[in-house]
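# A look at the structure
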Amino acid sequence: MTTLYDVPADALIDALADDLEERFDRPDWAEFTKTGSQRELPPEQENFWYIRAGSLLRKVAMNGPIGVERLSTEYGGSKDGSNRYAVAPSHRSDGSKKVIRIILQQLEEEDLIQSNEHRGREITADGRSLLDDTAGEVLSDLDRPELERYA
């Protein structure tokens with residue numbers, strides 16, 4: 001049986017994004033929002049919301065139970081310091097907690113993850129099944145000879 005650990009993350013997330021696009025809608029404000037204070041512009045990808053949802057589902061399955069604070073740290077990045085005379089050094093900035101929280105709530109409504117009080121969110125049996133089934137489809141579609149031993 002193929003699991004989420006057996007396939008490359010980017011291929012799995014793209015396949016999950018296609019599946020999640022049919023399950024729920026992104027909010028109207030999502031096309032205008034940035035993914036963190038370190039960003040200058042919103043994402044350019046058309047299906048960014050679903051790619052982030054697939055990535056979050058995978059992270060919750062691998063690291064769960066996990067909370068919004070830790071997830072925002074993982075989706076953060078480097079924020080430049082002062083751009084005038086380059087006086088201040090760059091520092092760390094967290095990702096957008098609202099984007100993460102709303103996506104996690106949508107995944108909860110689809111019964112793919114569940115909230116565990118005081119511990120964070122963790123994957124449900126339906127979510128694990130979706131990940132494993134999608135991983136099996138991705139593995140069969142991949143044309144990479146080094147992965148044939150997992151098939």
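Here goes a summary of the coordinates provided. (Residues numbered from 1 in each chain as written. Predicted model: local features only at pLDDT ≥ 70, side-chain atom pairs only at ≥ 80, totals over all residues. Heavy atoms only, no water.)

Here the focus is the overall build of the protein chain. For the protein chain, the count of helices and strands is five helices and four strands. Secondary structure of the protein chain in N-to-C order comes out as α-α-α-β-β-α-β-β-α. Projected onto its principal axes, the C-alpha coordinates of the protein chain cover approximately 55 × 40 × 30 Å. Counting across all 151 residues of the protein chain, residues that qualify as buried make up 40%. (Helix = DSSP H or I, 4+ residues; strand = E, 2+ residues; numbered from the N terminus. Buried < 20%, exposed > 50% of the residue type's maximum accessible area, 1.4 Å probe, protein only.)

Examined bridge by bridge, strand β3 (residues 113-116) and strand β4 (residues 120-123) share four bridges and lie antiparallel to one another. Bridged to Gln114 within β4 is Glu122. The hairpin formed by β3 and β4 contains three residues between the paired strands, and His118 there has a positive phi angle of roughly 70°. (Pairing = 2+ DSSP bridges.)

So, on to helix α2 (residues 48-63). Taking 1.5 Å as the rise per residue, α2 with 16 residues should run 22 Å; its terminal C-alpha atoms sit 22 Å apart, in good agreement. Taking burial as the measure, the 16 residues of α2 include 13 buried ones, the bulk of the element. (Expected span 1.5 Å × (residues − 1).)

Taken as a whole and judged by the stated rule, the model has six salt bridges. Notably, a salt bridge pairs Arg23 with Glu110, separated by 3.9 Å at the nearest N-O pair. In this pair, Arg23 sits in helix α1 (residues 9-23) while Glu110 sits in the loop between α4 (97-109) and β3, placing the two residues 87 residues apart along the sequence. In this structure Arg23 comes out as partly exposed when scored by relative accessible area, which is 33%. Across the salt bridge formed by Asp94 and Lys97, the nearest N and O atoms sit 3.9 Å from each other. (Salt bridge = Lys/Arg side-chain N within 4 Å of Asp/Glu carboxyl O.)

A few words now on the packing of α1 against α2. At their nearest, the axes of α1 and α2 sit 8 Å apart, and the two run at 115° to each other. Here α1 and α2 pass one another in a crossing that is right-handed. Residues Ala9, Leu12, Ile13, Leu16, Ala17, Leu20 and Glu21 of α1 form the contact with α2, whose own contacting residues are Tyr50, Ile51, Ala53, Gly54, Ser55, Leu57 and Arg58. Here the contact of α1 with α2 is composed, by residue class, of 10 nonpolar, two polar and two charged. (Axes fitted to C-alpha atoms, helices over the stretch in contact; angles between N-to-C directions. Left-handed = near helix turned anticlockwise from the far one by under 90°. Contact = heavy atoms within 4.5 Å. Nonpolar A, V, L, I, M, F, W, Y, C, P; charged D, E, K, R; others polar.)

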